[in-house]
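Remarks on the overall topology
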Amino acid sequence: MSETTPRKAVVLVSGGMDSAVVIAIAREQGYQVHALSVAYGQRHSSELEASERVAHLLGAVEHKVVQVDLRSIGGSALTADIDVPLDAAGQSEIPVTYVPARNTIMLSIALGWAEVLGSTEIWCGVNAVDYSGYPDCRPAFIEAFEKLANLATKAGVEGAGIRIRAPLMAMSKADIAREGARLGVDFAQTVSCYQADAQGRACGHCDACRLRAQGFSEAGLVDPTRYV
């Protein structure tokens, strides 16, 4: 690759604060960001609207939305008629907001697009510190998927290989909020709530809302979240 050829990165974008910070980090490091969101049958469309907004504001060269119907298999409070747990702190089991195979599916789609684009890097906002205990947010999962990516693709077998980047993996929500503030991320444009309304306003009681509010508080930053 010549010095004038931009480094391309496929960045998974959910519309929440974490993936917004990931875009900002990738841009700071000189990557041409190709933002990818997945409409998987989640409860609301406001997070997809936020993902498009955030990708544009943070300088992605394009934003693609791929449709995958995970609602047809259900199994999660985000894709089936199951109540989202509210004010549930200190849970020891994987919560019902876990979406079966979601990150595996999203990374697989990103992997295909990366091959088409000629990108060797896929970036995502998974985090193993302040999170809800999802098994597909751990370092072991990212490492395993990277191995799979390099075994299962032409880019891995004949090309430069594929790298999965998860820059927020070891950061707390407070760390993420501070990093976003440093990079100029407008967190008011993001949506984290599991059951945000059509305007993107948060419930203030689900696990995602609790972790987000706690992060801004611990970082000493004003929380720009709009609540119902």
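Residues numbered from 1 in each chain as written. Predicted model: local features only at pLDDT ≥ 70, side-chain atom pairs only at ≥ 80, totals over all residues. Heavy atoms only, no water.

An unreviewed UniProt entry annotates the protein as 7-cyano-7-deazaguanine synthase of Rhodanobacter glycinis. Recorded in UniProt for the protein, the comment headed Sequence similarities (unreviewed entry) runs: "Belongs to the QueC family." As its UniProt record puts it under Catalytic activity (unreviewed entry), the protein is described as follows: "7-carboxy-7-carbaguanine + NH4(+) + 2 ATP = 7-cyano-7-carbaguanine + 2 AMP + 2 diphosphate + 2 H(+)". (UniProt positions renumbered as here; feature names shortened; annotations may be inferred.)

Another aspect to go through is the packing of aromatic side chains. All chains considered together, the criterion is met by four aromatic pairs. Here Tyr31 and Trp123 contribute two aromatic rings whose centre-to-centre distance is 5.2 Å and whose plane-to-plane angle is 65°, an arrangement assigned as edge-to-face. Note that Tyr31 is positioned in strand E2 (residues 31–39) and Trp123 in strand E4 (residues 121–123), a separation of 92 residues in sequence. Note on Tyr31: relative accessible area 4%, which makes it buried. Relative to Tyr134, the ring of Tyr98 has its centre 6.2 Å away and its plane inclined at 45°; by these criteria the two rings are tilted. Here the residue Tyr98 occupies a position in the loop between strand E3 (62–67) and helix H3 (102–117), and Tyr134 occupies one in the loop between E4 and helix H4 (139–152), the gap between them amounting to 36 residues. Using a relative accessible area of 22% as the deciding quantity, one classes Tyr98 as partly exposed. Tyr134 sits in the buried class, given a relative accessible area of 6%. (Phe/Tyr/Trp six-rings, centres within 6.5 Å; stacked < 30°, edge-to-face > 60°. Helix = DSSP H or I, 4+ residues; strand = E, 2+ residues; numbered from the N terminus. Buried < 20%, exposed > 50% of the residue type's maximum accessible area, 1.4 Å probe, protein only.)

This part is about unusual backbone geometry. Despite not being glycine, Ala101 has its phi angle at roughly 65°, a positive value. You can see Ala101 is positioned in the loop between E3 and H3.

Another aspect to go through is helix H6 (residues 173–182). For H6, the set of buried residues is Lys173, Ala174, Ile176, Ala177, Glu179 and Gly180. The elements touched by buried residues of H6 are helix H1 (17–28) and helix H7 (207–219). Positive phi appears at Gly184, one or two residues downstream of H6, with a value of about 80°. (Contact = heavy atoms within 4.5 Å.)

Once that is clear, we can look at the sheet that holds strand E1 (residues 7–12). With respect to topology, five strands assemble into an open sheet ordered E3-E2-E1-E4-E5, the strand pairing being parallel. Among the strands making up the open sheet, the edge pair consists of E3 and strand E5 (163–165). Each adjacent strand pair in this sheet contributes to an overall mean axis angle of 25°, direction not counted. As judged from the six bridges shared by E1 and E2, these two strands associate in the parallel manner. Looking at the pairing, Arg7 lines up with Tyr31 of E2. (Pairing = 2+ DSSP bridges. Axes fitted to C-alpha atoms, helices over the stretch in contact; angles between N-to-C directions.)

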